[in-house]
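# Breakdown of the fold
Residues per chain, in single letters:
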Amino acid sequence: MNHWIIAPVILPALLAPFIVLVMRHDLSLQRIFSTTGTAVLAAISLVLLYTAATNPPEVYFLGNWPAPFGIVLVLDRLSAMMIALTAVLALLVQLYAIGTGWDARGNHFHALFQFQLMGLCGAFLTGDAFNLFVFFEVLLIASYGLMIHGGGANRLKAGVQYVAYNLVGSTLFLFALATIYSVTGTLNMADLAVKVAELPAGDAALLRVGAVLLLLVFAVKGALVPLQFWLPATYSFAPGVVAALFAVMTKVGAYAVIRVFTLIFPPETAATGTLFADLLMPAAVVTLALGAIGVMGATGMARLVAFAAIGSMGTLFIAVSQFTPQAMTAAFYYMLHSTLATAILFLVVDLVQDRRRDDTLRTPLPPIAQHGLLAALFFGGAIAMAGMPPLSGFLGKMLVLDATRGADMTLIWTAILVTSLITVVGFSRAGSAVFWKAYAITTTQAHPEPKREPLAFGMVLALMAALVALTVMAGPVTAWLDDTSAELFDRTAYINAVLPTAKE
Amino acid sequence: MSLALIAALPFLGALLPGLLIRAGRNACATVTGAVTALALLGILLHAPAVMRGEVITAQIEWLPALGLNANFFLDGLGMLFAGLILGIGLLIILYARFYLSTKDPMGQFYTYLLLFQGAMVGIVLSDNILLLLVFWELTSLSSFLLIGYWKHLPEGRQGARMALTVTGAGGLAMIGGMLILGNIVGSYDLTVILQNKDLIQASDWYFPALILILLGAFTKSAQFPFHFWLPHAMAAPTPVSAYLHSATMVKAGLFLMARMWPVLAGTPEWFYIVATTGLITMVMAAKIALFKDDLKALLAFSTVSHLGLITMLLGFGTAEAATVAVFHIINHATFKAALFMSAGIVDHETHTRDIKRLGGLRHLMPITFTIVCVAALSMAGIPPLNGFLSKELMLEETVHTVWLGNHWVMPVLATIGAMFSVAYSFRLIAHTFLGPVRDDYPSKPHDPGFGMWAAPALLAAMVIAIGVMPMTTVGELVRTTASAVIGGEAEVYISHWHGFVPALWMSIIAVGAGLVLLGAHKPLEAMWLSTPRPEAKAIFDAIMEPFANAARAVTDRLHDGALARYLAVATLTILAAGYFAYETGTHTPGTRALTPIEPVPAIGWLLLMGATGSLFTYHRNRLLALVLVGVIGLMVSVGFVYLSAPDLALTQISVEVATVMLLLLALNFLPKDSPVESTAGRRGRDGFIAAAAGLGIGALIYALMTRDFAFPTIAEYHLANSKPGGGGTNVVNVILVDFRGYDTFGEITVLGIAGLVIYALVEALLRGGPANDRLLAWVPDQKRAGDRHPLMLVVATRMILPIALMVGVYIFLRGHNEPGGGFIAGLVVAIATIMQYMASGFGWAAARQRIDYHALIGWGVTIAGLCGVGSWFAARPFMTTNYGYFKLPFLEKFELATAAIFDLGVFLTVVGAVMLALASISRIAIRAGETVNVEPFDIQPDEEAATEGAR
């Protein structure tokens, strides 16, 4: 039994109360322990990534109870990848928070940050549908705490909406699980996969209801239209550093869709068929369009990035909705890319906001400290986000286009290419308003107020370096991802690992 | 030098000028020049081989899954363009060094220039159409930076955005076209694609691919109707205009058409689209150029016109026409770059580019005049300059071209185009340089230093050299390039005299008519100005601004923070999707018999319905609503009891008590009534949606409860293994702490986090700001109790405390086998403690207990977690429990289970979280002016007795 599998959950779960218990009055100690913890988590996640790449899916039976009666964790390439992505992003974002002093603007930042990581890792690792609900709750409450970190009227107001909307999602999650359990009598994902395939025809309708409700739950998390309403205000009013971490939160929704609807309800299932793809694809196209239109019409920088994030979820879900190995590889690549790009943009916007003391795109403000560098970083981030060459956004988009040569090709290609243009135009207007127009106004102040945040800039550059690496190494990365989607679509390996007895 | 390195050099070198600007402007320009020269050298080293007809290649694998690889190849076409890009690039770098003022950030300029140059070189060297797309879009992006270089000028910013929008849009269309092309051929490698002419032209997808690719080429090369962005890009510094619009950016479209010529050309579609567009562009732009007063605008439209000319030639689809196109590309690059730079010199020296304010510069700027003369005469097509040669050949080609069965359209229109070209070229010379010297130039003009006129002078010299000895100078180059374009052997014969062919007469007519036009410029201009004509920028803005406003209106309206609407949409979506899923699936109704309705549950049901209905009616009175919520909670608890779920009932009821208490305390500081904020119609709509959702859930539950599981459930296993495996007879508790202890661990973490979040939230509220101000100015909105800490209550709660604690311990201990457990015990203890606070006030109670609630939460989660970790030491997975039976003297045999340790963690977390919430609310109360009492009661009976006695 490989106990390392559960380490990504247990480490932050024990570190967070330790921080609360021992060092809640000492920020320096919190910083040291919390950052070290995240660094260790990142290291563990890389080890797990290596393990998962070299072994078949590995199962951890909690409480030593056999599946499907207890809870299982499953480490496969996909979950390992998501954890590694989360951990690495978290480490950089956390150092950024320290570098900008964001963590000092409220209480319990580091404890909540660790709890958030616990929730994310738990959701990625679990092989049990109800346990997924539990970790959705953990990451929801922790993210709410992080989201309102620092306070302020707008932020608190957006926070209430965020938590209220997501509680509706949680309730729906329970309805969905209750329905699925009432039909199948189990909640273990592998067991569900077996049972759903053998389901009597007369139970199909109710199972479909349960599965669709589940899809909607994940759609809320993944900000899929028309369940995206919580996102713009949440992301734009959250502290920039938290919004950057949240880049991976929407991916939890995407991950859950990928996991559940390839393992339990693959398109060849008699009861459900292509129901999910049929619902997902049009919604994803509309999501993409809405994101692009939001970018075009945004009046504030953070809101601009928030809508760009929605648009990127649209592209991601378009790829997912194909439910083919090739499209899934594209989706994985795009997911890695979009997480990094979104995080970069939120951090850059945070630095800019902090210096401009305003988020507006409508009135120009004088040049700020590190104006040129920030402009260059924004330019780079915008290129990535809009999917322009040479960064990974372009490659991701090409992979998605290449993988959607199906019946809906015309619709999907048109949507992706037209929204790309709108996004590019939106970003160019915003960048021009913030970074170029600044030179057009005559200011009484000769030089902007100096501000040095080397650690924060270092982290943004590190994220940018990761994005460049993702671009340059696209060949090996996609080859790895190809194996990942192959593993994902080989359901028997997963099922046999969890249910050794089910082997025929 | 490897082609990949040549393409990469400008990118690698792009950082250098940005850094070396610190070492001075000369260092900065020199290093930029050096990088360019190095790349040019790399190309020239390959030149002999290419001239021999060899094709140089280089391959690097990048993204094989997609077929996107960094494959490069160099043939005649690539070499010509690479040479133009790098050669003219060198001249531009030299020119810009002297052109840019000290106020302009030169490092940035050269960095952008190199990025752009790299992108251009990449396009012309790519052997993979996806790679070509990468570089293609990079030219759009880097030209955006170059055009917007003067950030403070609105024209610069707008011109940059317009160029990016138009060329970016074309680029995206081209992505679609190239992907289709790759789809047809099955490869994205150009060399493969170029060999599959028949396959491509026979495909059903040929036409869409052609349109999409041409969209890319036409937008880039400013062909009608996408020509409008180019004049606005003139807001850039002149070196940028000279570079982008003579040799590079706008030629990228031509390059692409030339590159794809072997597989796309030769069809009627190609001919009518490309040749017609080119012809229209040529004539229309030449006419506009005649009436432009801005030197750069004149040159811009003349560029559009000449690009149209080349496009038309490529559109003819014959090898001869393609050869002429190649020749004209070279000629245009030389004279147009010289003209742009000269225009920049005039602007630099006189501080104006307005032809109306110029004139007579011949005497003041003789060198510039000479250069402009040579270049402009070439542009006009005057022998023996190179412009004449290619124009003659072009006219000759039009004579052989039939357009929709008509022999006259092409030659006549081409002659008209040439006529306008003659007119504006001569106007450029005459109105700027000839005439009397004026005394009202904005600045006193004189020829610039050598550094600035060296580059245009060299180009002018080339104009003459090519013009005089075409075959010696560029004959071979044209042949090699044209062979590459047509994919075969091209024949090149350039000469000044072809005899009395139609082209000669057309040429003579064009020159004569052009001079007449110039002579009549004044009246013609008056006519031109009085006719309304579409202003491209106005149209562009009239599209973009309303679109942006509409986008803003739509997104802001949709996301305006109206939570009720958000939730209405979500509910409708859930309902619709759920119904759709049900309707499209097969359903057999359940077979379970319905149980008869007993009186007791019927009463409970009525109470539940009554409470819910009342809540609907009275929800604006928040206190009443809270009470009703309590009633509902109570009825749910009773329901659990009735359905034999005592654990759930106990949990539910204690949760109800704790939350109602906390809500009551919080409500103290909130308005007691919810205001009416919505219209009756909206409430009706929301009511309808809510009712539909409720009925939907009811129907779903009915369907689920009237049927059996399709398979045996996992519950059987839990029932069977609770005692032997988990050591407890209370299956619910064993599930909570053992079978699914990991879930419980997650849930208590949620509770603990909630406590921390409430604390942090209150801290943020109290840190100063509007919320804090409101609290400081808070006036109680309800009458205060005369006796805030009533004696009876204090005494009663004091009495209850030990009993309640005892009950808590009892519930905790019996949990494993009987209804109870850590969660319920925690709530009971918390409630008992809250009672003390309610009776005697927060200050008094807080002073009497030393446990920090943060620590309780911390310990709780830690203990629960460590209990799970403990099983690692027994080589078991996380959360594996163990139990055993022990015997102590005087006591019966009893059971100890490690699950109890876990349950202790649950207990502590629950107490900590509830109490931290209470403490946080108390902090609000204290900030709002609540006095802190140090005595348990407000009225001290004995004290009063003492004072009575003293009296």
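Residues numbered from 1 in each chain as written. Chains lettered and ligands numbered in written order. Predicted model: local features only at pLDDT ≥ 70, side-chain atom pairs only at ≥ 80, totals over all residues. Heavy atoms only, no water.

Helices and strands together make up the secondary structure of chain A, namely 20 helices and two strands. If one aligns the C-alpha atoms of chain A with their principal axes, the spans along those axes are about 80 × 60 × 40 Å. Expressed as a percentage of the 504 residues in chain A, the buried residues total 72%. Taking the contacts inside chain A whose residues are at least 6 apart along the sequence as the reference set, 80% of them involve residues at least 24 apart. (Helix = DSSP H or I, 4+ residues; strand = E, 2+ residues; numbered from the N terminus. Buried < 20%, exposed > 50% of the residue type's maximum accessible area, 1.4 Å probe, protein only. Contact = heavy atoms within 4.5 Å.)

Our next topic: the domain arrangement of chain B. Looking at chain B, the domain boundaries give domain 1 (268-526), domain 2 (538-584), domain 3 (596-676) and domain 4 (729-951). Using C-alpha coordinates to define each centre, domain 2 of chain B is positioned 45 Å away from domain 4 of chain B. (Domains from an automatic or database assignment.)

The subject of this paragraph is the pairing of strand E1 (residues 56-63) of chain B. All names here are of chain B. As paired strands, E1 and strand E2 (residues 68-74) are joined by six bridges and run antiparallel to one another. Bridge pairing in E2 links Ile60 to Ala70. Count of turn residues in the E1/E2 antiparallel hairpin: four residues, of which Gly67 carries a positive phi of about 85°. (Pairing = 2+ DSSP bridges.)

Let us now look at the nonpolar core. Membership of the largest hydrophobic core comes to 506 residues, with the highest contact counts inside it found for Phe218 of chain A together with Phe745 of chain B. Here the element with the most residues in this core is helix H14 (residues 325-356) of chain A; it accounts for 20 residues. Not counting residues up to four positions away in its chain, the partners in contact with Phe218 of chain A are Leu132, Phe136, Phe173, Gly253, Ala256, Val257, Val260 and Phe261 of chain A. Ranked by size, the runner-up nonpolar core spans eight residues in total, among them Leu766, Trp778, Ala925 and Ala928 of chain B. (Core = buried A, V, L, I, M, F, W, Y, C linked by side-chain atoms within 4.5 Å.)

Taken together, the contacts link 115 residues of chain B with 126 residues of chain A. Summed over both sides, the interface of chain B with chain A buries roughly 10,700 Å², with 75% coming from carbon and sulfur. Interface area lost by chain B to chain A is led by His559, Phe711 and Tyr742 of chain B, which between them contribute 7%. Where chain B packs against chain A, one counts five salt bridges. Taking the shortest distance from any N to any O, the salt bridge between Asp556 of chain B and Arg303 of chain A comes out at 3.4 Å. The interface formed by chain B and chain A includes 31 residue pairs in polar contact (both at pLDDT 80 or more). Sorting elements by how many residues they give to the side of chain B that touches chain A places helix H33 (residues 741-766) of chain B first, with 17 residues. Its residues assigned to classes, the side of chain B that touches chain A shows 70 nonpolar, 28 polar and 17 charged. (Buried area = accessible area lost by both parts, 1.4 Å probe. Salt bridge = Lys/Arg side-chain N within 4 Å of Asp/Glu carboxyl O. Polar contact = N/O pair within 3.5 Å; in protein donor to acceptor, adjacent residues only side chain to side chain. Nonpolar A, V, L, I, M, F, W, Y, C, P; charged D, E, K, R; others polar.)

With that settled, consider the packing of helix H3 (residues 77-100) of chain A against helix H18 (residues 454-472) of chain A. All names here are of chain A. Where H3 meets H18, the closest approach of the two axes is 7 Å, and the angle between their N-to-C directions is 155°. Compared by their axis directions, H3 and H18 come out roughly antiparallel. Viewed along their axes, H3 and H18 form a crossing whose handedness is left-handed. Residues Leu89, Leu92, Leu95, Tyr96, Ile98, Gly99 and Thr100 of H3 form the contact with H18, whose own contacting residues are Leu455, Ala456, Met459, Val460, Ala462 and Leu463. Here the residues of the contact of H3 with H18 are counted per class, giving eleven nonpolar, two polar and no charged. (Axes fitted to C-alpha atoms, helices over the stretch in contact; angles between N-to-C directions. Parallel < 35°, antiparallel > 145°, perpendicular 65-115°, else oblique. Left-handed = near helix turned anticlockwise from the far one by under 90°.)

Okay, helix H6 (residues 129-147) of chain B next. Residue and element names in this part refer to chain B. Taking 1.5 Å of rise per residue, the 19 residues of H6 would be expected to cover 27 Å, and the 26 Å separating its terminal C-alpha atoms lies within 8% of that figure. H6 sits mainly inside the fold: 19 of its 19 residues count as buried. Of the residues that open H6, the one with a side-chain oxygen 2.9 Å from the backbone nitrogen of Leu130 is Asn128. (Expected span 1.5 Å × (residues − 1).)

All names here are of chain A. When you line up the elements, Asp103 lands in the loop between H3 and helix H4 (109-125). The class for Asp103 is buried, based on a relative accessible area of 1%. In this structure, the C-alpha to C-alpha distance between Asp103 and Phe113, residues ten residues apart in sequence, is 9.8 Å. When neighbours within four sequence positions are excluded, Asp103 is seen to be in contact with Leu27, Arg31, Ala97, Ile98, Phe109, His110 and His149.

Let us look at the packing of helix H16 (residues 392-403) of chain A against helix H17 (residues 409-436) of chain A. Residue and element names in this part refer to chain A. Axis separation between H16 and H17 bottoms out at 10 Å; the angle between their running directions is 160°. Of the possible angle classes, the one that applies to H16 and H17 is roughly antiparallel. The interaxial crossing formed by H16 with H17 has left-handed handedness. Here Lys397, Val400 and Leu401 of H16 come into contact with H17, specifically with Trp413, Ile416, Leu417 and Ser420. Class assignment of the residues belonging to the contact of H16 with H17 gives a composition of five nonpolar, one polar and one charged.

All right, on to the packing of aromatic side chains then. Taken as a whole and assessed by the stated rule, the structure comprises 49 aromatic pairs over all chains. Aromatic side chains Trp230 of chain A and Tyr235 of chain A sit 6.0 Å apart centroid to centroid with 70° between the ring planes, which places their arrangement in the edge-to-face category. Comparing Trp230 of chain A with Tyr235 of chain A shows no difference in burial state: the two are buried. Seen in terms of ring centroids, Phe812 of chain B and Phe907 of chain B are 5.9 Å apart; in terms of plane orientation they differ by 70°. Their pairing is edge-to-face. One end of the pair, Phe812 of chain B, is in helix H35 (residues 791-814); the other, Phe907 of chain B, is in helix H39 (residues 898-927), and 95 residues separate them in sequence. For the pair Phe812 of chain B and Phe907 of chain B, a shared accessibility class is recorded, and that class is buried. Among the aromatic side chains, those forming a connected cluster through ring pairs are Phe130, Phe133, Phe136, Phe173 and Phe218 of chain A. Lying over the aromatic face of Trp102 of chain A, Arg105 of chain A brings its terminal NZ or CZ to 3.8 Å of the ring centre. (Phe/Tyr/Trp six-rings, centres within 6.5 Å; stacked < 30°, edge-to-face > 60°. Lys NZ or Arg CZ within 6 Å of the ring centre and 35° of its normal.)

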